[in-house]
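Notes for the structure review
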Amino acid sequence: MPEGILCIDKPRDWTSFDVVAKCRGITKCRKLGHGGTLDPMATGVLPLFFGRAVKATALMPVEEKSYRAEIRFGLTTDTQDVTGRVLSESDAPVTKEALEAALDTQRGEIKQLPPMFSAVWVDGKRLYDLARQGKEVERPLRDVTVHRLELLEFDGENRTCTIQVVCSKGTYIRTICHDIGAALGCGGVLTSLRRTSTMGFTEKQCVTLEELRELCEAGRLEETLLPVDAVFSRYGRVFLSPHQARMFCSGAVLDTRRVRHPDTTGPLRVYEGGGSSRFLGLARVEPATQELIIIKLFAPIDH
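Residues numbered from 1 in each chain as written. Predicted model: local features only at pLDDT ≥ 70, side-chain atom pairs only at ≥ 80, totals over all residues. Heavy atoms only, no water.

Below, the discussion takes up the nonpolar core. Among the nonpolar cores identified, the biggest contains 27 residues, and Phe73, Leu99, Ile163, Val165, Ile173 and Ile180 are the most heavily contacted of them. Those elements that provide at least two residues to this core are strand 4 (65-73), helix 2 (96-104), strand 10 (142-155), strand 11 (160-167), helix 4 (173-184) and strand 12 (188-198). Core analysis: the next-biggest nonpolar cluster, separate from the first, contains 18 residues, Cys7, Val45, Met199 and Phe232 among them. (Core = buried A, V, L, I, M, F, W, Y, C linked by side-chain atoms within 4.5 Å. Buried < 20%, exposed > 50% of the residue type's maximum accessible area, 1.4 Å probe, protein only. Helix = DSSP H or I, 4+ residues; strand = E, 2+ residues; numbered from the N terminus.)

Before going further, it helps to examine the pairing of strand 1 (residues 4-10). Counting buried positions over the seven residues of strand 1 gives six, a clear majority of the element. In this sheet, strand 3 (residues 42-50) lies alongside strand 1 in antiparallel orientation, the contact comprising seven bridges. Its bridge partner being in strand 3, Asp9 is matched across the sheet by Val45. In this sheet, strand 14 (residues 206-207) lies alongside strand 1 in parallel orientation, the contact comprising two bridges. Residue pairing across strands places Cys7 opposite Cys206, the latter belonging to strand 14. (Pairing = 2+ DSSP bridges.)

A few words now on the pattern of salt bridges. Overall, the coordinates contain 14 salt bridges when judged by the stated rule. Of the charged contacts in the structure, one is a salt bridge between Arg194 and Asp9, with a shortest N-O distance of 2.8 Å. Of this pair, Arg194 sits in strand 12 while Asp9 is found in strand 1, placing the two residues 185 residues apart along the sequence. By relative accessible area, Arg194 is classed as buried at 16%. (Salt bridge = Lys/Arg side-chain N within 4 Å of Asp/Glu carboxyl O.)

Before going further, it helps to examine a negative patch on the surface. A surface patch of like charges, here negative, comprises Glu210, Glu211, Glu214 and Glu217. Its location among the elements puts Glu210 in helix 5 (residues 209-217). On the basis of relative accessible area, Glu210 is assigned to the partly exposed category, the value being 46%. (Patch = residues over 30% accessible without salt bridge, like charges linked within 9 Å, V, L, I, M, F, W, Y side chains within 5 Å. Areas by Shrake-Rupley, 256 points an atom, 1.4 Å probe, with all protein chains shown as cover. Lys, Arg positive; Asp, Glu negative; His and termini not counted. Charge placed at Lys NZ, Arg CZ, Asp CG, Glu CD.)

Our focus in this paragraph is the environment of Asp18. By secondary structure assignment, the location of Asp18 is in helix 1 (residues 16-27). Separated by 161 residues in the primary sequence, Asp18 and Asp179 have C-alpha atoms spaced 30 Å apart.

Summed over the entire model, instances satisfying the criterion amount to six aromatic pairs. For the ring pair Phe239 and Tyr271, a centre distance of 5.6 Å and an interplane angle of 25 degrees mean the geometry is stacked. Taken together, the residues span a long stretch of sequence, with Phe239 in strand 15 (residues 236-240) and Tyr271 in strand 17 (residues 268-272) at a distance of 32 residues. Classification of Phe239 as partly exposed rests on a relative accessible area of 37%. (Phe/Tyr/Trp six-rings, centres within 6.5 Å; stacked < 30°, edge-to-face > 60°.)

Turning to its location among the elements, Lys65 is positioned in strand 4. Taking relative accessible area as the criterion, Lys65 reaches 13% and is therefore assigned buried. A polar side-chain atom of Lys65 sits 3.1 Å from a polar atom in the side chain of Thr198. (Polar contact = N/O pair within 3.5 Å; in protein donor to acceptor, adjacent residues only side chain to side chain.)

Glancing now at unusual backbone geometry. As a rule of thumb, non-glycine residues mostly have phi less than zero, and peptide bonds are mostly trans rather than cis. Phi is positive for Asp13, close to 75 degrees, though the residue is something other than glycine. Even without a glycine there, the phi angle at Arg159 is positive, about 55 degrees. Note on placement: Arg159 falls in the loop between strand 10 and strand 11.

Turning our attention to the sheet that holds strand 15. What the five strands build is an open sheet, ordered 15-17-18-19-16; its pairing is mixed. Looking at strand neighbours, the two that pair on one side only are strand 15 and strand 16 (254-255), the edges of this open sheet. By the bridge criterion, two bridges tie strand 16 to strand 19 (residues 291-297) in an arrangement that is antiparallel. Note on strand 19: the bridge partner recorded for Leu254 is Leu292. Strands in contact with helix 7 (residues 242-249) are strand 15, strand 16, strand 17, strand 18 (278-286) and strand 19; relative to strand 18, the strand with the most contacts, it is inclined by about 75 degrees. (Contact = heavy atoms within 4.5 Å. Axes fitted to C-alpha atoms, helices over the stretch in contact; angles between N-to-C directions.)

No statement about biological role is implied by the geometric values presented.
Okay, here's the thing in structure tokens:
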């Protein structure tokens, strides 16, 4: 069974689950998951996790994400994008100067009101389920961070623009577009969205579904997969001897006074030392006992 990570360039109008189902059929791999859901209208970087790498999806480091988005002004919808039901229209002109000022309201640490058409849970129900019933409920504001927001293109005549956004996990780009339109006083909707990076992966590392099929037909899938520890590259490393590695993989707690390790209480990548430096899993140092505590094993236990 293939094991590792492969980034797919998600097509427009596919759900993330659609992509996973299609890739299961192409690769004949049943144990397959994805990292970071994309809306159906969005395209771009969708990491897929094969085999034991699926364990990593619940352990992802908090990474910033980047997007390229197109906005149309003079319109609002119930979904905050062009696919929704129109709520209002405006003929008000938009100048570049006014747009730059509106963009500034969405930079840095901001508060967002999650859109009703979203997967956020409120009182045990998904917001999009309530929205489809025609209901709107109160929902708490969320703290998010927009690290960078740049204006790439602006068309004043057609009242459209293209922006680049680098933001924290949980940021709704649709809501940024809506709130920019609100700051301008004319409304705005998302018309196109592409995720250009996530989890440290970029669109240059992506393959299309057709390219994935060609890789499988040529028997080259496994050589194309990235190792699972690629998503944990921000963490420090610990190298164990073969004997220590066997103990670690058997669930034994190791004394860190006999293991060289970075001075941190955060997660660490654990490897069996030597020429191969085989990735074993994630662990942390317990300061009180100086023990190496397993967070998650990725190597076979019977090694």
